[in-house]
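As a plain string of letters, each chain reads:
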Amino acid sequence: MKNNNLIIRSTSAEFLIFEMQKEEALKLALNSEKPVLIFCGTRAKAEDMSRELQDYLESYDSVKFYHAGLTREEKNNVEKWFYPKDNAYLCATIAFGMGVDKKNIRTVIHLEPSSTAEAYIQEAGRAGRDGKTSNAYLLWSKSLIELQKLLVKMALLKCFTLIKVIFLVMIL
(Lines give C-alpha, C1' and ligand atoms only; values in the text may rest on other atoms or scores of the structure.)
Protein backbone atom coordinates (compact mmCIF):
# COMPACT_ATOMS: atom_id res chain seq x y z
CA MET A 1 0.00 0.00 0.00
CA LYS A 2 1.41 3.41 -0.92
CA ASN A 3 0.39 7.07 -0.94
CA ASN A 4 2.17 10.42 -0.65
CA ASN A 5 2.63 10.24 3.10
CA LEU A 6 3.16 6.60 3.95
CA ILE A 7 4.59 3.39 2.60
CA ILE A 8 3.77 0.11 4.33
CA ARG A 9 5.47 -3.15 3.42
CA SER A 10 4.50 -6.41 5.02
CA THR A 11 7.25 -8.70 6.23
CA SER A 12 5.67 -11.75 7.84
CA ALA A 13 3.36 -10.32 10.54
CA GLU A 14 5.15 -7.02 11.05
CA PHE A 15 4.92 -3.71 9.21
CA LEU A 16 7.80 -1.47 8.23
CA ILE A 17 6.68 2.12 8.13
CA PHE A 18 8.51 4.88 6.34
CA GLU A 19 6.96 8.26 6.97
CA MET A 20 7.35 10.82 4.28
CA GLN A 21 6.36 13.69 6.55
CA LYS A 22 9.88 14.17 7.89
CA GLU A 23 10.68 16.70 5.17
CA GLU A 24 7.64 18.80 6.04
CA ALA A 25 8.56 18.62 9.73
CA LEU A 26 12.10 19.76 9.00
CA LYS A 27 10.87 22.76 6.99
CA LEU A 28 8.35 23.68 9.68
CA ALA A 29 10.91 23.36 12.49
CA LEU A 30 13.50 25.44 10.67
CA ASN A 31 11.01 28.21 9.91
CA SER A 32 9.34 28.32 13.33
CA GLU A 33 10.14 30.40 16.37
CA LYS A 34 12.57 28.69 18.75
CA PRO A 35 12.88 26.83 21.04
CA VAL A 36 11.14 23.99 19.19
CA LEU A 37 9.90 20.74 20.72
CA ILE A 38 9.21 17.99 18.19
CA PHE A 39 7.16 15.08 19.51
CA CYS A 40 7.99 11.79 17.79
CA GLY A 41 6.06 8.54 18.17
CA THR A 42 9.06 6.33 18.89
CA ARG A 43 12.56 6.50 20.30
CA ALA A 44 14.01 5.69 16.89
CA LYS A 45 12.05 8.53 15.27
CA ALA A 46 13.25 10.99 17.92
CA GLU A 47 16.87 10.03 17.32
CA ASP A 48 16.43 10.02 13.53
CA MET A 49 14.75 13.44 13.47
CA SER A 50 17.49 14.81 15.72
CA ARG A 51 20.20 13.54 13.34
CA GLU A 52 18.37 14.98 10.33
CA LEU A 53 18.18 18.43 11.95
CA GLN A 54 21.81 18.26 13.10
CA ASP A 55 22.95 17.37 9.59
CA TYR A 56 20.85 20.08 7.98
CA LEU A 57 21.96 22.77 10.45
CA GLU A 58 25.52 21.43 10.52
CA SER A 59 25.29 21.95 14.26
CA TYR A 60 25.30 19.29 16.94
CA ASP A 61 24.86 21.73 19.80
CA SER A 62 21.48 23.11 18.78
CA VAL A 63 19.64 19.77 18.49
CA LYS A 64 19.22 16.90 20.96
CA PHE A 65 16.86 13.99 21.51
CA TYR A 66 15.06 12.78 24.63
CA HIS A 67 13.24 9.51 25.28
CA ALA A 68 12.62 6.84 27.91
CA GLY A 69 15.59 4.80 26.70
CA LEU A 70 18.03 7.35 28.07
CA THR A 71 19.58 6.88 31.48
CA ARG A 72 18.54 9.28 34.23
CA GLU A 73 21.93 10.98 33.87
CA GLU A 74 21.48 11.39 30.10
CA LYS A 75 17.98 12.83 30.63
CA ASN A 76 19.31 15.26 33.23
CA ASN A 77 22.07 16.37 30.84
CA VAL A 78 19.56 16.99 28.02
CA GLU A 79 17.25 18.89 30.36
CA LYS A 80 20.15 21.05 31.64
CA TRP A 81 21.15 21.71 28.02
CA PHE A 82 17.61 22.57 26.85
CA TYR A 83 16.33 24.78 29.70
CA PRO A 84 18.60 27.80 29.17
CA LYS A 85 18.52 27.64 25.34
CA ASP A 86 16.50 30.10 23.30
CA ASN A 87 17.50 28.73 19.90
CA ALA A 88 17.30 24.96 20.32
CA TYR A 89 15.46 21.95 18.96
CA LEU A 90 14.49 18.96 21.07
CA CYS A 91 13.17 15.82 19.38
CA ALA A 92 11.37 13.79 22.03
CA THR A 93 8.89 11.10 22.77
CA ILE A 94 6.19 11.61 25.38
CA ALA A 95 8.88 10.80 27.96
CA PHE A 96 9.55 14.55 27.84
CA GLY A 97 6.47 15.26 29.81
CA MET A 98 5.27 15.25 33.35
CA GLY A 99 7.40 17.36 35.63
CA VAL A 100 9.30 19.01 32.77
CA ASP A 101 8.47 22.70 32.71
CA LYS A 102 10.45 24.82 30.24
CA LYS A 103 8.40 27.97 30.10
CA ASN A 104 9.56 29.56 26.83
CA ILE A 105 8.97 26.81 24.25
CA ARG A 106 7.61 28.69 21.23
CA THR A 107 6.79 25.82 18.88
CA VAL A 108 5.55 22.26 19.41
CA ILE A 109 5.38 19.94 16.40
CA HIS A 110 3.80 16.50 16.45
CA LEU A 111 5.03 14.18 13.70
CA GLU A 112 1.93 12.05 14.18
CA PRO A 113 -1.24 12.22 16.22
CA SER A 114 -1.07 11.60 19.96
CA SER A 115 -2.82 8.57 21.40
CA THR A 116 -5.76 10.67 22.66
CA ALA A 117 -7.08 14.21 22.31
CA GLU A 118 -6.23 14.81 25.97
CA ALA A 119 -2.63 13.68 25.39
CA TYR A 120 -2.33 16.03 22.42
CA ILE A 121 -3.66 18.99 24.41
CA GLN A 122 -1.23 18.29 27.25
CA GLU A 123 1.74 17.84 24.88
CA ALA A 124 0.87 20.90 22.77
CA GLY A 125 0.50 22.79 26.05
CA ARG A 126 4.27 22.61 26.53
CA ALA A 127 4.40 25.71 24.30
CA GLY A 128 3.90 29.18 25.71
CA ARG A 129 3.86 28.40 29.41
CA ASP A 130 5.30 31.87 29.94
CA GLY A 131 2.11 33.39 28.52
CA LYS A 132 3.68 34.52 25.22
CA THR A 133 2.24 33.60 21.84
CA SER A 134 3.36 30.16 20.71
CA ASN A 135 2.35 27.60 18.10
CA ALA A 136 1.49 23.91 18.05
CA TYR A 137 1.40 21.92 14.82
CA LEU A 138 0.12 18.42 14.12
CA LEU A 139 1.34 16.77 10.94
CA TRP A 140 -1.16 14.13 9.97
CA SER A 141 -2.75 12.39 7.07
CA LYS A 142 -5.66 10.05 6.61
CA SER A 143 -3.14 7.22 6.20
CA LEU A 144 -1.65 7.90 9.64
CA ILE A 145 -5.10 7.76 11.21
CA GLU A 146 -5.83 4.50 9.40
CA LEU A 147 -2.47 3.14 10.52
CA GLN A 148 -3.24 4.01 14.15
CA LYS A 149 -6.59 2.22 13.86
CA LEU A 150 -4.78 -0.83 12.45
CA LEU A 151 -2.22 -0.79 15.26
CA VAL A 152 -5.00 -0.60 17.85
CA LYS A 153 -6.75 -3.57 16.22
CA MET A 154 -3.48 -5.52 16.19
CA ALA A 155 -2.89 -4.73 19.87
CA LEU A 156 -6.43 -5.83 20.73
CA LEU A 157 -5.96 -9.05 18.78
CA LYS A 158 -2.75 -9.78 20.71
CA CYS A 159 -4.57 -9.01 23.97
CA PHE A 160 -7.46 -11.34 23.12
CA THR A 161 -5.01 -14.06 22.10
CA LEU A 162 -3.21 -13.70 25.43
CA ILE A 163 -6.52 -13.86 27.31
CA LYS A 164 -7.41 -17.07 25.45
CA VAL A 165 -4.05 -18.61 26.33
CA ILE A 166 -4.42 -17.65 30.00
CA PHE A 167 -7.96 -19.07 30.03
CA LEU A 168 -6.78 -22.34 28.47
CA VAL A 169 -3.97 -22.63 31.00
CA MET A 170 -6.39 -21.99 33.85
CA ILE A 171 -8.85 -24.69 32.77
CA LEU A 172 -6.19 -27.33 32.16
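Attention in this report is confined to the structure presented alongside it.

How each quantity is defined
Residues numbered from 1 in each chain as written. Predicted model: local features only at pLDDT ≥ 70, side-chain atom pairs only at ≥ 80, totals over all residues. Heavy atoms only, no water. Axes fitted to C-alpha atoms, helices over the stretch in contact; angles between N-to-C directions. Helix = DSSP H or I, 4+ residues; strand = E, 2+ residues; numbered from the N terminus. Parallel < 35°, antiparallel > 145°, perpendicular 65-115°, else oblique. Left-handed = near helix turned anticlockwise from the far one by under 90°. Contact = heavy atoms within 4.5 Å. Nonpolar A, V, L, I, M, F, W, Y, C, P; charged D, E, K, R; others polar. Salt bridge = Lys/Arg side-chain N within 4 Å of Asp/Glu carboxyl O. Buried < 20%, exposed > 50% of the residue type's maximum accessible area, 1.4 Å probe, protein only. Pairing = 2+ DSSP bridges.

A short note on the packing of helix α1 (residues 22-30) against helix α2 (residues 43-57)
Next, step 1: It is at 11 Å that the axes of α1 and α2 come closest, and there the two elements cross at 55°. When the axis of α1 is compared with that of α2, the two are oblique. Where α1 crosses over α2, the two elements pack in a sense that is right-handed. For the pair α1 and α2, the contacting residues are Lys22, Ala25, Leu26, Ala29 and Leu30 in the first and Asp48, Met49, Glu52, Leu53, Tyr56 and Leu57 in the second.
Next, step 2: Considering only residue class, the contact of α1 with α2 consists of 8 nonpolar, no polar and 3 charged.

Regarding the environment of Gly128
Next, step 1: By the element assignment, Gly128 lies in the loop between α4 (117-124) and β7 (135-138).
Next, step 2: Between the C-alpha atoms of Gly128 and Lys103, which are 25 residues apart in sequence, the distance is 6.4 Å.
Next, step 3: The contacts of Gly128, once residues within four sequence positions are left out, are Lys103, Ile105, Arg106 and Ser134.

Some words on the pattern of salt bridges
Next, step 1: Following the criterion strictly, the structure yields 8 salt bridges and no others.
Next, step 2: The partner of Lys45 in a salt bridge is Glu112, with the nearest N and O atoms 3.0 Å apart. Residue Lys45 is located in helix α2, and its partner Glu112 is located in the loop between β6 (107-110) and α4; the two are separated by 67 residues in the primary sequence.
Next, step 3: Exposure remark for Lys45: the relative accessible area of 27% places this residue in the partly exposed category.
Next, step 4: The partner of Lys103 in a salt bridge is Asp101, and the shortest N-O contact between them spans 2.7 Å.
Next, step 5: Accessibility expressed as a relative area gives 33% for Asp101, which makes it partly exposed.
Next, step 6: Three or more residues joined by partner-sharing salt bridges are found here, namely Glu33, Arg106 and Asp130.

Overview of the sheet that holds strand β4 (residues 63-66)
Next, step 1: The strand order across the open sheet built from 5 strands is β4-β5-β3-β6-β7, with neighbouring strands paired in parallel fashion. A strand with exactly one partner marks an edge of an open sheet, and here the two such strands are β4 and β7. Averaged over all pairs of adjacent strands, the angle between their axes in this sheet comes to 15°, without regard to strand direction.
Next, step 2: When strand β3 (residues 36-39) meets strand β5 (residues 89-92), the two strands line up parallel, connected through 4 bridges. Across the sheet, the residue bridging to Val36 is Tyr89, located in β5.
Next, step 3: Strand contacts of α1: β3, β5, β6 and β7, with the helix running at about 180° to β6, the strand carrying the most contacts.
Next, step 4: This element, α2, spans β3, β4 and β5 of the sheet and lies at about 175° to β4.

These figures capture arrangement, not role.
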